[in-house]
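Results of the structural survey
Chain by chain, the residues run as shown.
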Amino acid sequence: MRICIMIYGGDNLSRRKATEGLHLRKDGRWERKEKINGKMRWFADKDPSEAWKKRDAAIAASKQEQEEIDAGPLFKEVSDVYKAKVMEMKLGTQRSYLPAISRANKKFGEKRMREIEPYMISDFLNEISTMARTTVSNQKTVVNGIFQVWIKSHLWRGDSNPAKLITIPRGLSHVKREPPTDDQVKIVKDHYMDPDALPAVVFLCTGERHGEACAIRLKDIDFDKKRIRISTHIDHGSGSNKVLDGTKTPAGVRVAPLLKMLEEALEPLRHLPGETYILGGKLEPLTASKYKRIWASFWRKYGYAVQQCYASKSKLSSGKIKKYTHKEWKATVCAHQFRHEYVCMLAE
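Residues numbered from 1 in each chain as written. Predicted model: local features only at pLDDT ≥ 70, side-chain atom pairs only at ≥ 80, totals over all residues. Heavy atoms only, no water.

1. Observations regarding the confidence of the model for the protein
In the predicted model, the protein carries a mean pLDDT of 85, and 89% of its residues have values of at least 70. Looking over the protein, one finds the lowest element-wise mean pLDDT in helix 1 (residues 2-18), namely 43, and the highest in helix 3 (residues 75-86), namely 95. Within the model, pLDDT remains below 50 along residues 1-15, and this stretch shows 2 contacts once partners closer than five positions in the same chain are excluded. (pLDDT = per-residue confidence, 0-100. Helix = DSSP H or I, 4+ residues; strand = E, 2+ residues; numbered from the N terminus. Contact = heavy atoms within 4.5 Å.)

In structure tokens, the structure reads:
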């Protein structure tokens, strides 16, 4: 009997303590009313200890929530805003910055902005130091830009930029783009009437980038005054084939002289409509894949192309995955090299 009384008494004492700070509602539930992080909260249960457990869980959650608020938003949230800004920049800038955004998200995406310290960014740049100097420099620019978005935001109101304290690693590789060799220039000059040679002839005689060269139409050429008007370019990025006004830089919009070699190479096209694109000879501009095939086809004839293999796969109606192996020729001559030779052509 004494044992039963002791157990009952102990339980009654425990319950009497558990109800302190709680209010018994008319429905028989014990309730705790408390302001947490500036918000009034209510926790109720028939068992007072359960009401306290709910309250304690809310306190713990609010503490974690406050810590997250203090640490700032996730890096990937801010980078998404920065990416939207990059998508409004020039195509060349997009091609440089978008891969850098992806790399930064892979490294810091799940971290909060104030958790990222200067040494972390320094380690990140060292990890990619096998890449070209320009690539690493662009990476630092992108991380810096993401922190600037955080700082300038009226919503986030960031207050630090660790990327500003970091310099890019020393001794990074810097590849100098060489002009074409004498043999390559000679091949173009000796075979400039070959239709497949036309892209190389255009680069050699205008100094244009491939997107600008692909946008030249017959109506842009004044054969009488020997002039070519350069004012548009083709966007070959992400499978696109759009004709856009302007060029990569303002200086690219210009009137270039029509050199005799190019004039003769274009002679077979002069009977076509003025809207015809000189590279491809059609009313639609060359796609990126067709341009690459023409370029590779010409240089393959003279030993400046290699055959490459790549794999693809597709899902059959049976559900099985079928793998394919494709072969294609790729020129070992870079079209951009001929921009450097253009100045020499003008001097001659």
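2. Notes on the packing of aromatic side chains
In this description, a pair of aromatic rings is defined by centroid distance and the angle of the planes. Overall, the coordinates contain 13 aromatic pairs when judged by the stated rule. Ring geometry for tryptophan 299 and phenylalanine 338: centres 6.1 Å apart, planes at 35 degrees, overall tilted. Residue tryptophan 299 is found in helix 11 (residues 288-300), and its partner phenylalanine 338 is found in helix 12 (residues 337-347); the two are separated by 39 residues along the sequence. Joined through ring pairs, the aromatic side chains of Phe203, Tyr291, Trp295, Phe298, Trp299, Tyr302, Tyr304 and Phe338 make up one cluster. Directly above the aromatic system of phenylalanine 223 lies the positively charged group of arginine 270, at a separation of 3.9 Å from the ring centroid. (Phe/Tyr/Trp six-rings, centres within 6.5 Å; stacked < 30°, edge-to-face > 60°. Lys NZ or Arg CZ within 6 Å of the ring centre and 35° of its normal.)

3. Examining unusual backbone geometry
Positive phi values are uncommon outside glycine, yet arginine 157 reaches one of about 55 degrees. Counting through the fold element by element, arginine 157 comes out in the loop between helix 6 (133-152) and helix 7 (182-190). At lysine 226, a position not held by glycine, the phi torsion is positive, near 60 degrees. Mapped onto the elements of the fold, lysine 226 is located in the loop between strand 4 (221-222) and strand 5 (227-230).

4. Considerations on helix 7
Gln184, Val185, Ile187 and Val188 are the residues of helix 7 that are buried. With its buried residues spanning 155 degrees around the axis, helix 7 presents them on a single face. (Buried < 20%, exposed > 50% of the residue type's maximum accessible area, 1.4 Å probe, protein only. Arc of directions from axis to C-beta.)

5. Structural notes on helix 11
Here helix 11 contains 13 residues, and its C-alpha end-to-end distance of 18 Å stays within 8% of the 18 Å for a straight helix at 1.5 Å per residue. Taken together, the buried positions of helix 11 are occupied by Tyr291, Trp295, Ala296, Phe298 and Trp299. Along the axis of helix 11, the buried positions cluster into a sector of 160 degrees, meaning they face one direction only. (Expected span 1.5 Å × (residues − 1).)

6. What about the packing of helix 5 (residues 118-127) against helix 6?
Packing of helix 5 against helix 6 leaves a shortest axis separation of 10 Å and a crossing angle of 150 degrees. Judged by the angle between their axes, helix 5 and helix 6 are roughly antiparallel. Crossing hand, helix 5 versus helix 6: right-handed. Residues Ile121, Phe124 and Leu125 of helix 5 form the contact with helix 6, whose own contacting residues are Val136, Gln139, Lys140, Val143 and Phe147. Across the contact of helix 5 with helix 6, the residue classes break down as 6 nonpolar, 1 polar and 1 charged. (Axes fitted to C-alpha atoms, helices over the stretch in contact; angles between N-to-C directions. Parallel < 35°, antiparallel > 145°, perpendicular 65-115°, else oblique. Left-handed = near helix turned anticlockwise from the far one by under 90°. Nonpolar A, V, L, I, M, F, W, Y, C, P; charged D, E, K, R; others polar.)

7. Some thoughts on the pattern of salt bridges
Across all of its chains, the model carries 20 salt bridges by this definition. Across the pair arginine 25 and aspartate 27 runs a salt bridge, and its minimum N-O distance is 2.8 Å. By relative accessible area, arginine 25 is classed as partly exposed at 27%. On the basis of relative accessibility, which here comes to 43%, the residue aspartate 27 falls in the partly exposed class. When salt bridges that share partners are traced, they join Arg32, Glu34, Arg55 and Asp56 into one network. (Salt bridge = Lys/Arg side-chain N within 4 Å of Asp/Glu carboxyl O.)

8. Quick word on the packing of helix 4 (residues 91-108) against helix 6
Orientation of helix 4 relative to helix 6, taken along the N-to-C sense of each, is 70 degrees, at an axis distance of 9 Å. With respect to helix 6, the element helix 4 is oriented roughly perpendicular. When the axes of helix 4 and helix 6 are compared, the crossing they make is right-handed. Counting all contacts with helix 4, which are made through Ser96, Tyr97, Ala100, Ile101, Arg103 and Ala104, the residues of helix 6 involved are Thr135, Asn138, Gln139, Thr141, Val142 and Val143. Its residues assigned to classes, the contact of helix 4 with helix 6 comprises 6 nonpolar, 5 polar and 1 charged.

9. Looking at the sheet that holds strand 8 (residues 254-257)
Read across the open sheet, the 3 strands follow the order 4-5-8; overall the sheet is antiparallel. The open sheet has two edge strands with one neighbour each: strand 4 and strand 8. Examined bridge by bridge, strand 4 and strand 5 share 2 bridges and lie antiparallel to one another. Its bridge partner lying in strand 5, isoleucine 221 is registered against isoleucine 228. (Pairing = 2+ DSSP bridges.)

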